[in-house]
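Structural features, examined
The residues making up each chain are set out below.
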Number of protein chains: 2
Amino acid sequence: MSKDKSPRRPRAETPKGFRDYFGAEVTERKAMLDRIAAVYHRYGFDPLETSAVETVEALGKFLPDVDRPNEGVFGWQDEDGDWLALRYDLTAPLARVAAQFRNDLPAPYRRYAMGPVWRNEKPGPGRFRQFYQCDADTVGTGSVAADAEICAMLADALEEVGIPRGDYVVKVNNRKVLNGVMEVAGLSGEDKEAERGIVLRAIDKIDRLGPDGVRALLGGGRKDESGDFTKGAGLSAEQAEVVMGFTTARRDSGAATVARLRELVGTSVLGAEGVDELETIADLLAAQGYGPDRILIDPGVVRGLGYYTGPVFEAELTFEILDEKGRKRQFGSVAGGGRYDDLVKRFTGQTVPATGVSIGVDRLLAALRAKGRTGGEGAGPVVVTVMDRDRMADYQAMAADLRRAGIRAETYLGNPKNFGNQLKYADKRGSPVAVIQGSDEAARGVVVLKDLILGAQVAAGATLEEWKNRPAQVEVPRADLVAAVRRMIG
Amino acid sequence: MSKDKSPRRPRAETPKGFRDYFGAEVTERKAMLDRIAAVYHRYGFDPLETSAVETVEALGKFLPDVDRPNEGVFGWQDEDGDWLALRYDLTAPLARVAAQFRNDLPAPYRRYAMGPVWRNEKPGPGRFRQFYQCDADTVGTGSVAADAEICAMLADALEEVGIPRGDYVVKVNNRKVLNGVMEVAGLSGEDKEAERGIVLRAIDKIDRLGPDGVRALLGGGRKDESGDFTKGAGLSAEQAEVVMGFTTARRDSGAATVARLRELVGTSVLGAEGVDELETIADLLAAQGYGPDRILIDPGVVRGLGYYTGPVFEAELTFEILDEKGRKRQFGSVAGGGRYDDLVKRFTGQTVPATGVSIGVDRLLAALRAKGRTGGEGAGPVVVTVMDRDRMADYQAMAADLRRAGIRAETYLGNPKNFGNQLKYADKRGSPVAVIQGSDEAARGVVVLKDLILGAQVAAGATLEEWKNRPAQVEVPRADLVAAVRRMIG
């Protein structure tokens, strides 16, 4: 468009799939993470902050949910020829740390980590290439007491950030029970490993494919909408029903669910071990006062069953929100985790049992916003306007007085010529009060305070009549500035 | 060494120049940054969190202190052929944001940012390729009231994190005064641009080269230790003395320093403007109660004079520490900043004045540690030991009771067989109290509390005699667990 011959100017744009966070977007997330960290700290978890950059070798070159190697990460080669990449989650760095510092860390090692991770994936609406994760893991113990502790901590964390009891439930399942069910369905033996893999992946997709889609994958196979065919596990209808029975084994009480699962796993030793673990977790939690109103055995929770090796947990918010089409639906999952016992083995050859949970930071923040449980941290500063540019020192001294009293305050620093612009600026800043002192007021030793919250309410439709006991502006002695502003902002 | 034929295991190592931060290293930095953020917030600054990744085009391809393009950053090409890179500071992303959102942001725009930045430089002792920066900037005003505000805010931030008044000083200088001095030295005119550049870069290096090294660069040139020759500005000895006089213009009072600077800039309009700005800043600050004991005009501050365009500030800590060789020296600089008026011009063609400050996070944290002003946040949890693995529910319930009372507590989750290992674990965790309940104590409804702080003190050389009124362990009813632990940890 321009005929300017100067070199092309750089575009002022975030890279595709990245975004900026302003003001309250930053402070609200931070406040939520601080509250979660306080709970984790109370449980004896220590913070760990690894760098954003890892060797591709240490990361393992692939995302857990992406099949192709080298896919999904942002990577580059350094001057020595080593490949480096941005971390795609907080678990891979934990595995590296647990191996690298295995002689120095306490065992078991409880750690939490909060920070951004990066994924080189196609961005979409609400899907960004950098986002926050918030993880807590216990490394170095196979005891299900560790799993129970993580579930209790997750429940406490949800309540701490403002999700009331009754509005969430932590559901617990166990991969070993599913493995036992597969034994009963005739899928034990080394020659059936491929089939077991198909069953695990199929079950893991039940939310997306529904029961019929999963049944197809358990049987002959499934053709998707695009016409692509996925090979099935080749189970008979009867075998498939045993597997499907697992996902619908939840009964009215925990004891009844456990009894039903015992039936399903029959004589499978592994399956019985899994059922025992679920029972132990429920008992441990009950002893600490976490009943099924908060933490619940539910074999219907299948997400991650293909990834985890023992107990699997998922936190769901049970209150309803309106979806994009205005239909009511449950808010759904905000956190998930489970036991994964091969964390460190890649590095050291030794099996190190571990269990952990990851909170979906953006999902939980969205839930808090939907419930009106966050916000308000974004309150704007009192703006001291500039009527007389030669008396900037006086105006800055007013702002300093307010700040010394703990009140957020700033002096207008733009061109003071147009007073209307100053009030527009105060409005844009969400300022509750504008302080005004022209030469006349200065001579009389007073300041004028303009109530901008009132102005906003009137603009939003409230009548001045409704506000008649609240003056739109007051004149007070300069010496009373702080006290008067404090009265005004309540 | 191993004859194992399995594929080589990945190395569990941080990439060269990167490191991990554990426990108190994380919480102490976070506590310091939270305190700084509270001050910035009170001054009306809003947080901004940009992503770690920017287009190389937006970053400008080079570090301010590296001459070669594309040097110094971690970059890679994305699937569309665009070059992306990790941000190397927080100013370049601010420039991009200020241009991209110029129609939406309040003007002036006050923002703070805290977070990691990445530099692809040779790592060295204490020099890492990822480190924190903590910046505050005001974009969109040329008023030196903005510079004065930044200086006051910096002083407040230092006091807020625990540097007492008297232990720091914020020094203020002005690039325009130096430019005025150069005019007097006969370096005005478009044909002298190269010489002016040499003078600026020379002055900027005075800390490293000393006055003689700078004099050489002002004159014929300088050969460094490696034998490399740097061309000088070609000033006469007399001209060079005028320039050097600027760096030693500080007098006992601010007024005397200003008077001396007026002499030095002679009839230079730009120089006089710079002196006026310094005087205005000092007056504005004095009106808010910031005297020369906290914020001081000092033409000896030359760092950044080659980069900034107007006022330049630097915060120095004035208390003494012992250096590596055991010699006393002043702690020195922990923050610096100044005015830079071409922030957004690269993108939009419009000059947007801006001023800001950057706190050296690791330096300031080291200072707080040297003064014993941080620490204590790393207190370990109460450890509930496991004497009887069948009663894990009881032990977890004890930890839950302690946590409900706000006391950090955890259950031992390793193999409980060897009780000595449990106490070693508690020791490694920095635990103040171990809770013990064997079957005998359980039958009697009591718990034993072992004072581990006492144990550590005795191990560190205190005699038991000194502790005679403090029992090493007590037995209390289970119902009194929380109250008794609280008494013990004080």
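1. Examining the overall build of chain A
- On a plain count of helices and strands, chain A comes out with 17 helices and 19 strands.
- Whereas a compact globule of 490 residues would reach a radius of gyration of roughly 23 Å, chain A reaches 29 Å, over 25% beyond that.
- Along the three orthogonal principal directions, the C-alpha set of chain A runs to about 95 × 60 × 50 Å.
- Once local pairs closer than 6 in sequence are excluded, the contacts in chain A between residues at least 24 apart make up 68%.

2. Remarks on the interface of chain A and chain B
- Contacts between the two partners involve 76 residues from chain A, matched on the other side by 76 residues from chain B.
- Residue contributions to the side of chain A that touches chain B peak at six residues, all from helix α13 (residues 392-404) of chain A.
- A breakdown of the residues in the side of chain A that touches chain B according to their chemical character gives 36 nonpolar, 20 polar and 20 charged.
- Pairing analysis gives two bridges linking strand β2 (residues 46-49) of chain A to strand β1 (residues 21-22) of chain B, with the strands arranged antiparallel. Each bridged residue has a counterpart across the sheet, and for Leu48 of chain A the counterpart in β1 of chain B is Phe22 of chain B.

3. A look at the environment of Gln473 of chain B
Residues and elements named next belong to chain B.
- Mapped onto the elements of the fold, Gln473 is located in strand β19 (residues 473-477).
- In sequence terms Gln473 and Val448 are 25 residues apart; their C-alpha atoms lie 6.8 Å from each other.
- With near-sequence residues (within four places) excluded, Gln473 lies in contact with Val448, Leu449, Lys450 and Asp451.

4. Brief notes about the packing of α13 of chain A against helix α17 (residues 481-489) of chain A
All names here are of chain A.
- One can describe the packing of α13 onto α17 by two numbers: an axis separation of 9 Å at closest approach and a directional angle of 60 degrees. Taken together, α13 and α17 sit at an angle that is classed as oblique. When the axes of α13 and α17 are compared, the crossing they make is right-handed. Contact with α13, carried on its side by Met398, Asp401 and Leu402, involves Leu481, Val482 and Val485 of α17 and no other residues of that element.
- Grouping the constituent residues of the contact of α13 with α17 by class yields five nonpolar, no polar and one charged.

5. A short note on the domain arrangement of chain A
- Per the domain assignment, the segments making up chain A are domain 1 (16-142 + 341-376), domain 2 (157-309) and domain 3 (382-489).
- The distance between the C-alpha centroids of domain 2 of chain A and domain 3 of chain A comes to 62 Å.

6. A look at the environment of Ala31 of chain A
- As for its position among the elements, Ala31 of chain A is in helix α1 (residues 24-42).
- In sequence terms Ala31 of chain A and Val199 of chain A are 168 residues apart; their C-alpha atoms lie 42 Å from each other.

7. Thoughts on the pairing of strand β8 (residues 168-174) of chain A
All names here are of chain A.
- Within β8, six of the seven residues are buried, leaving the element largely enclosed by the surrounding structure.
- Note: β8 against strand β12 (residues 311-322), seven bridges, orientation antiparallel. Paired with Val170 across the bridge in β12 is Ala315.
- Taken together, the three bridges between β8 and strand β11 (residues 295-297) define a ladder with parallel strand orientation.

8. Comments concerning the sheet that holds strand β4 (residues 75-77) of chain B
All names here are of chain B.
- Ordered by their spatial adjacency, three strands build an open sheet running β3-β5-β4, and the pairing between neighbours is antiparallel. On the outer flanks of this sheet lie β3 (53-55) and β4, each paired with one strand and no other. Across the sheet, the mean angle separating the axes of adjacent strands is 30 degrees when strand polarity is ignored.
- Where β3 lies against strand β5 (residues 83-86), three bridges are found, and the strand directions are antiparallel. Its bridge partner being in β5, Thr55 is matched across the sheet by Leu84.

9. Points about unusual backbone geometry
- Between Ala107 of chain A and the following residue, Pro108 of chain A, the backbone shows a cis peptide bond with an omega angle of -5 degrees.
- As for its placement among the helices and strands, Pro108 of chain A is situated in the loop between α3 (91-100) and β6 (109-118).

10. So, the sheet that holds β6 of chain A
- The strand order across the open sheet formed by nine strands is β11(A)-β8(A)-β12(A)-β13(A)-β14(A)-β7(A)-β6(A)-β2(A)-β1(B), and the pairing between neighbours is mixed. The open sheet has two free edges, formed respectively by β11 of chain A together with β1 of chain B, since each of these has just one partner strand.
- Packing against the sheet, helix α12 (residues 361-370) of chain A makes contact with β7 (130-139), β12, β13 (328-339) and β14 (354-360) of chain A, and its axis sits at approximately 45 degrees to β14 of chain A.

11. Some words on the relation of the copies chain A and chain B
- In the superposition of chain A on chain B (RMSD 0.1 Å, axial shift 0.0 Å), the rotation amounts to 180 degrees. Viewed as a symmetry operation, the transformation between the two copies matches a two-fold axis. Taking the C-alpha atom as reference, chain A places Trp76 of chain A closest to the rotation axis, 2.9 Å from it.

12. Focus: the nonpolar core
- Of all hydrophobic cores here, the largest spans 276 residues; its most connected members are Cys151, Leu154 and Val181 of chain A together with Cys151, Leu154 and Val181 of chain B.
- With near-sequence residues (within four places) excluded, Val181 of chain B lies in contact with Val242, Val243, Phe246, Leu264, Val265 and Gly271 of chain B.

13. Thoughts on the packing of helix α5 (residues 175-184) of chain A against helix α10 (residues 269-287) of chain A
All names here are of chain A.
- Between α5 and α10, whose axes approach to 7 Å, the crossing angle comes to 150 degrees. As far as their axial angle goes, α10 and α5 are roughly antiparallel. In this structure, α5 crosses over α10, and the sense of that crossing is left-handed. Of the residues in α10, those in contact with Lys176, Val177, Asn179, Gly180, Val181 and Glu183 of α5 are Leu270, Gly271, Ala272, Glu273, Gly274, Val275, Glu277 and Leu278.
- When its residues are assigned to classes, the contact of α5 with α10 shows six nonpolar, four polar and four charged.

14. Focus: the confidence of the model for chain A
Residues and elements named next belong to chain A.
- On average, residues of chain A carry a pLDDT of 89, and 94% of them reach 70 or more.
- Every residue in residues 65-69 scores below 50 in pLDDT, and together they form four contacts with partners more than four places removed in sequence or on other chains.
- Two numbers describe this predicted complex: its pTM, 0.91, and its ipTM, 0.90.

15. With respect to the pairing of strand β13 (residues 328-339) of chain B
Residues and elements named next belong to chain B.
- With nine bridges joining them, strand β12 (residues 311-322) and β13 adopt antiparallel strand pairing. In the sheet register, Leu317 faces β13, and the bridge partner there is Gly332.
- Where β12 hands over to β13, the hairpin turn is made up of five residues, of which Gly326 adopts a positive phi near 80 degrees.
- As paired elements, β13 and strand β14 (residues 354-360) share five bridges and run antiparallel to each other. Residue pairing for β14: Ala335 is matched across the bridge by Ile359.

16. Side note on α3 of chain A
Residues and elements named next belong to chain A.
- Counting buried residues in α3 gives nine out of ten residues, a clear majority hidden from the surface.
- For α3, every residue scored as buried is listed here: Thr91, Ala92, Pro93, Leu94, Ala95, Arg96, Val97, Ala98 and Ala99.
- Its buried side turned inward, α3 meets β2, β3 (53-55), α2 (56-59), β6, β7 and α11 (345-348).

17. Examining the environment of Asp147 of chain B
Residue and element names in this part refer to chain B.
- Along the chain, Asp147 turns up in helix α4 (residues 144-161).
- Classification of Asp147 as buried rests on a count of 30 C-beta atoms within 10 Å.
- Separated by 99 residues in sequence, Asp147 and Phe246 have C-alpha atoms that sit 21 Å apart.
- The residues touching Asp147, leaving out its near neighbours within four places in the chain, are Ile281, Pro311, Arg339 and Thr355.

18. Section: helix α1 (residues 24-42) of chain B
All names here are of chain B.
- Across its 19 residues, α1 extends 27 Å between first and last C-alpha, which sits within 8% of the 27 Å expected from 1.5 Å per residue.
- Looking at α1, one finds that the buried residues are Val26, Glu28, Arg29, Met32, Leu33, Ile36, Ala37, Val39, Tyr40 and Arg42.
- Of the residues flanking the end of α1, it is Gly44, one or two places downstream, whose phi is positive at about 90 degrees.

Rules and cut-offs
Residues numbered from 1 in each chain as written. Chains lettered and ligands numbered in written order. Predicted model: local features only at pLDDT ≥ 70, side-chain atom pairs only at ≥ 80, totals over all residues. Helix = DSSP H or I, 4+ residues; strand = E, 2+ residues; numbered from the N terminus. Rg over C-alpha atoms; globule rule 2.2 N^0.38 Å. Contact = placed C-beta atoms within 7 Å. Nonpolar A, V, L, I, M, F, W, Y, C, P; charged D, E, K, R; others polar. Pairing = 2+ DSSP bridges. Axes fitted to C-alpha atoms, helices over the stretch in contact; angles between N-to-C directions. Parallel < 35°, antiparallel > 145°, perpendicular 65-115°, else oblique. Left-handed = near helix turned anticlockwise from the far one by under 90°. Domains from an automatic or database assignment. Buried ≥ 20, exposed ≤ 12 C-beta atoms within 10 Å, placed from the backbone. Least-squares fit on C-alpha atoms with pLDDT ≥ 70 in both. Core = buried A, V, L, I, M, F, W, Y, C linked by C-beta atoms within 7 Å. pLDDT = per-residue confidence, 0-100. Expected span 1.5 Å × (residues − 1).

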